[in-house]
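Survey of secondary and tertiary structure
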Amino acid sequence: MAPHGVFTPYLERWHLTPDGEAFTSLSGTLLPVRQHGVAAMLKLSHEAEEQAGSLLMAWWNGDGAAPVLAHDGEALLMVRAQGTASLPQMVHEGHHDEATRILCAAAARLHAPRDTPPPPTLVPLSRWFESLWAGAATHGGVFDHSARTARELLAAPRDVVVLHGDIHHGNVLDFGPAGWLAIDPKGLHGERGFDHANILCNPDGGSALVPGRFARRIEVIAEAAGIEQRRLLQWVLAWAGLSSVWMLEDGEAPGSTLEVAKLAGGAVGMAPQLTTHVS
């Protein structure tokens, strides 16, 4: 746990009162606080990617994403989710379709056009996928299929929008009367279908790979988001391949994410028994 001391400048500047213990996540160091009685979350991150995400959160202005109360460089102050529902819990209780539709609705709100120009820090999908090219050359198999598919998608994008970049069950939270709102965006720019791909890998490998679950989620997302099924499958193949490459770069076994890539590859008409060589 992080001491409150690292938060002190912002506690004083923004008139905040600690409202719980600090903790560290993949996206930064966080402290539950209150500002004039409002439950909020103070997040600190030195990562440029996270700071760019804070700019995007502010640009969304509470429409589809958690409302931002203040932000300055490494620090982001946003309204804290107070609802009691949870999308991972919803999945584990068997409400798979409902959770998937909530994620699609959240993505649709984030993708809607705005009157003001987006932050200049958005990363194009073509740059986001750069690790996949080398990964495909090294590992072959399904990674090669993923890379070829990604190049095809990136060469002729459809419905280009501002993307969250990491839509999944843990990044869309219950904000009570305000509905389901997103947190922790990566801040990308490209075809909106990309933002639906990670749903197929979550909330965990076990639930994602239940027999029949993958095909059902593809049907639900395609209908809810208005995306042609083959196009959606291509984005899943591309994304799951890229995510698997990142895991390998970090010394992790891609496991279920690679299995999702194989499912997507098989579903778009490739060999049913895709193989890969991971060293």
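These numbers were taken from a predicted model, which means no experiment stands behind them.

Rules of the game
- Residues numbered from 1 in each chain as written.
- Predicted model: local features only at pLDDT ≥ 70, side-chain atom pairs only at ≥ 80, totals over all residues.
- Heavy atoms only, no water.
- Axes fitted to C-alpha atoms, helices over the stretch in contact; angles between N-to-C directions.
- Helix = DSSP H or I, 4+ residues; strand = E, 2+ residues; numbered from the N terminus.
- Parallel < 35°, antiparallel > 145°, perpendicular 65-115°, else oblique.
- Left-handed = near helix turned anticlockwise from the far one by under 90°.
- Contact = heavy atoms within 4.5 Å.
- Nonpolar A, V, L, I, M, F, W, Y, C, P; charged D, E, K, R; others polar.
- Phe/Tyr/Trp six-rings, centres within 6.5 Å; stacked < 30°, edge-to-face > 60°.
- Buried < 20%, exposed > 50% of the residue type's maximum accessible area, 1.4 Å probe, protein only.
- Lys NZ or Arg CZ within 6 Å of the ring centre and 35° of its normal.
- pLDDT = per-residue confidence, 0-100.
- Expected span 1.5 Å × (residues − 1).
- Pairing = 2+ DSSP bridges.

**Regarding the packing of helix 4 (residues 96–111) against helix 9 (residues 213–225)**
Axis separation between helix 4 and helix 9 bottoms out at 10 Å; the angle between their running directions is 40°. Between helix 4 and helix 9, the crossing angle belongs to the class labelled oblique. For the pair helix 4 and helix 9, the sense of crossing is right-handed. Of the residues in helix 9, those in contact with H96, D97, T100, R101 and C104 of helix 4 are R213, R216, R217, V220, I221 and A224.

**Some thoughts on the packing of helix 7 (residues 142–155) against helix 10 (residues 229–249)**
Relative orientation of the contacting elements helix 7 and helix 10 amounts to 125°, with a least axis distance of 8 Å. Relative to helix 10, the element helix 7 lies oblique. Handedness of the helix 7/helix 10 crossing: left-handed. On helix 10, the residues that touch V142, F143, H145, S146, T149, A150, E152, L153 and L154 of helix 7 are R231, Q234, W235, L237, A238, G241, S244, V245 and L248. Of the residues contributing to the contact of helix 7 with helix 10, the split by class is 10 nonpolar, 6 polar and 2 charged.

**Notes on the packing of aromatic side chains**
What the rule picks out here adds up to 7 aromatic pairs. Summarising the aromatic geometry, the rings of Y10 and W14 are spaced 5.3 Å apart at their centres and angled 40° between planes, so their arrangement reads as tilted. Here Y10 and W14 have matching classes, each one buried. With 6.3 Å between their ring centres and 50° between their planes, F129 and W235 make a pair best called tilted. On the criterion of sequence distance, the pair formed by F129 in the loop between helix 5 (125–128) and helix 6 (130–139) and W235 in helix 10 is long-range, its members being 106 residues apart. Side by side, F129 and W235 carry an identical accessibility label, which is buried. One aromatic cluster is present, formed by W128, F129, F194, W235, W239 and W246 through successive ring pairs. Directly above the aromatic system of W59 lies the positively charged group of R114, at a separation of 5.7 Å from the ring centroid. The residue whose ring lies beneath R151 is W133, and the NZ or CZ to ring-centre distance is 3.9 Å.

**Re the confidence of the model for the protein**
When the pLDDT values of the protein are averaged, the result is 94; 95% of them are 70 or greater. Long-range and interchain partners of residues 271–279, a stretch whose pLDDT sits below 50, account for 21 contacts in this model, where long-range means more than four residues apart.

**A short note on helix 4**
Across its 16 residues, helix 4 extends 23 Å between first and last C-alpha, which sits within 8% of the 22 Å expected from 1.5 Å per residue. Taken together, the buried positions of helix 4 are occupied by H96, A99, T100, I102, L103, C104, A106, A107, L110 and H111. Contacts from the buried residues of helix 4 go to helix 2 (48–60), helix 3 (87–92), strand 8 (160–163), strand 9 (172–174), strand 10 (180–182) and helix 9.

**Section: the sheet that holds strand 11 (residues 188–191)**
Pairing is mixed across the open sheet formed by 3 strands, whose spatial order is 7-11-8. Only two strands of the sheet have a single neighbouring strand rather than two, namely strand 7 (123–124) and strand 8. Direction of pairing for strand 7 relative to strand 11: parallel, over a ladder of 2 bridges. Pairing of P124 across the sheet is with H189, part of strand 11.

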